[in-house]
Amino acid sequence: MPLWMTALAFGLLGGAALVIGCAVAWKWTLPAKAVSTIMAFGAGVLISALAFELVDEAVTTGGIGATITGFLVGASLFVAANVLLARKGAQHRKRSGDQQPAEGENPGSGTAIAVGALLDGIPESLVLGLGLVAGGSISPAMLGAVFISNIPEGLSSTAGMKKAGRSARYVFGVWSGIAVLSGISALVGYVALQDARAETVAFINALAAGAILAMIVDTMIPEAFEEHHLLTGFTAALGFVTALGLDAL
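This one's a predicted model, so the numbers in the text were calculated from it and none came from an experiment.

Our next topic: a nonpolar patch on the surface. Taken together, the side chains of Phe52, Leu230, Leu231, Phe234, Leu238, Val241 and Leu244 define a hydrophobic patch exposed on the protein surface, amounting to about 680 Å² of accessible area. Per-element accounting of the nonpolar patch gives the leading share, 4 residues, to helix α7 (residues 232–248). Residue classification places Phe234 among the exposed residues on the basis of a relative accessible area of 54%.

Looking now at the nonpolar core. Judged by nonpolar contacts, the single largest core of 36 residues is most densely connected at Leu54, Leu130, Met142, Ile216 and Met220. At the level of elements, α2 (32–90), α3 (109–135), α4 (140–163), α5 (168–191) and α6 (198–228) are the ones that each hand at least two residues to this core. Here the element with the most residues in this core is α6; it accounts for 11 residues. Aside from chain neighbours lying at most four places away, what touches Met142 is Ala49, Glu53, Leu54, Val127 and Leu128. One finds Cys22, Ala112, Ile113 and Val171 within the second-largest nonpolar core, a separate group that totals 12 residues.

Counted at 1.5 Å a residue, the expected span for α7 with its 17 residues is 24 Å, and the 24 Å between its end C-alpha atoms agrees. Among all positions of α7, only Thr232, Thr235, Gly239 and Ala243 are buried. Looking straight down α7, one finds that the buried residues subtend no more than 80° of arc, so they occupy a single side. Across from the buried face of α7, at angles greater than 90 degrees, the exposed residues are Gly233, Phe234 and Ala248.

So, on to the UniProt feature "transmembrane region" (unreviewed entry) in the protein. Residues annotated by UniProt as "transmembrane region" (unreviewed entry) correspond here to residues 6–26, 33–52, 64–85, 126–148, 168–193 and 200–217. As a span, residues 33–52 carries 100% helix and 0% strand, and end to end its C-alpha atoms are 29 Å apart. Note that residues 168–193 is 92% helix and 0% strand, and that its end C-alpha atoms are spaced 37 Å apart.

Throughout the structure, instances matching the rule amount to 2 aromatic pairs. Relative to Phe240, the ring of Phe52 lies with its centre 5.7 Å away and its plane at 70°, an arrangement referred to as edge-to-face. Placement of Phe52 in helix α2 and of Phe240 in helix α7 is noted, with a sequence separation of 188 residues between them. By relative accessible area, Phe52 is classed as partly exposed at 35%. Residue class for Phe240 comes out partly exposed when judged on its relative accessible area of 26%. It is Lys27 that lies over the ring of Trp28; its NZ or CZ is 5.5 Å from the centre. Seen from the ring of Trp26, Lys162 lies directly overhead, with NZ or CZ sitting 5.5 Å from the centre.

Cut-offs and rules
- Residues numbered from 1 in each chain as written.
- Predicted model: local features only at pLDDT ≥ 70, side-chain atom pairs only at ≥ 80, totals over all residues.
- Heavy atoms only, no water.
- Patch = residues over 30% accessible without salt bridge, like charges linked within 9 Å, V, L, I, M, F, W, Y side chains within 5 Å.
- Areas by Shrake-Rupley, 256 points an atom, 1.4 Å probe, with all protein chains shown as cover.
- Salt bridge = Lys/Arg side-chain N within 4 Å of Asp/Glu carboxyl O.
- Helix = DSSP H or I, 4+ residues; strand = E, 2+ residues; numbered from the N terminus.
- Buried < 20%, exposed > 50% of the residue type's maximum accessible area, 1.4 Å probe, protein only.
- Core = buried A, V, L, I, M, F, W, Y, C linked by side-chain atoms within 4.5 Å.
- Contact = heavy atoms within 4.5 Å.
- Expected span 1.5 Å × (residues − 1).
- Arc of directions from axis to C-beta.
- UniProt positions renumbered as here; feature names shortened; annotations may be inferred.
- Phe/Tyr/Trp six-rings, centres within 6.5 Å; stacked < 30°, edge-to-face > 60°.
- Lys NZ or Arg CZ within 6 Å of the ring centre and 35° of its normal.

Encoded structure:
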């Protein structure tokens, strides 16, 4: 299989986990504590992946300067975009309770939530394609981390969308569209940077890592802490060591 097709396929696979989480939350009403637990685990998985896969790789190939710069740029870009989307009603897009506004309460919030969900998913998918540039193959640990963490993201956000009265057509349309765009993001990550210098690839890896960390803190941890606060840290630690184990294997 050509490498560009590999990037597309694995990006789609990672994005498909969002649809799986969506389907579970739409069919069954999970207890709030279960949703928070799954989200905490997913947050730990992503933190481990960005530390051992993205940042470590960026420092090794591009140096500490490019890594720090890219990391801070990525975090800044995500926060700036998130602030704009929050003003449109998307600040609670990953919350499973009654925090998400209905379209009647905040016109345009549905579009903002969809764009916000896309914003959350792009950095994760982009680095799958970048992995092919750097190492010639998809990192199983990074792919596993993206897939594992996307399930609770789709699950929690869908639960909130359902409570806000959004239709099945809208909800499944959002996550299916984002799954497709995740594949395209991975493809772009490979095609656009396959001839780039190592320092450039390292910068983009670090940029994605910074954006992912900002996303975790701004959108995943609040949901993880909501109902599960006494064991949130330990559950996140379990997710962290799970991803570490995937990396070691």
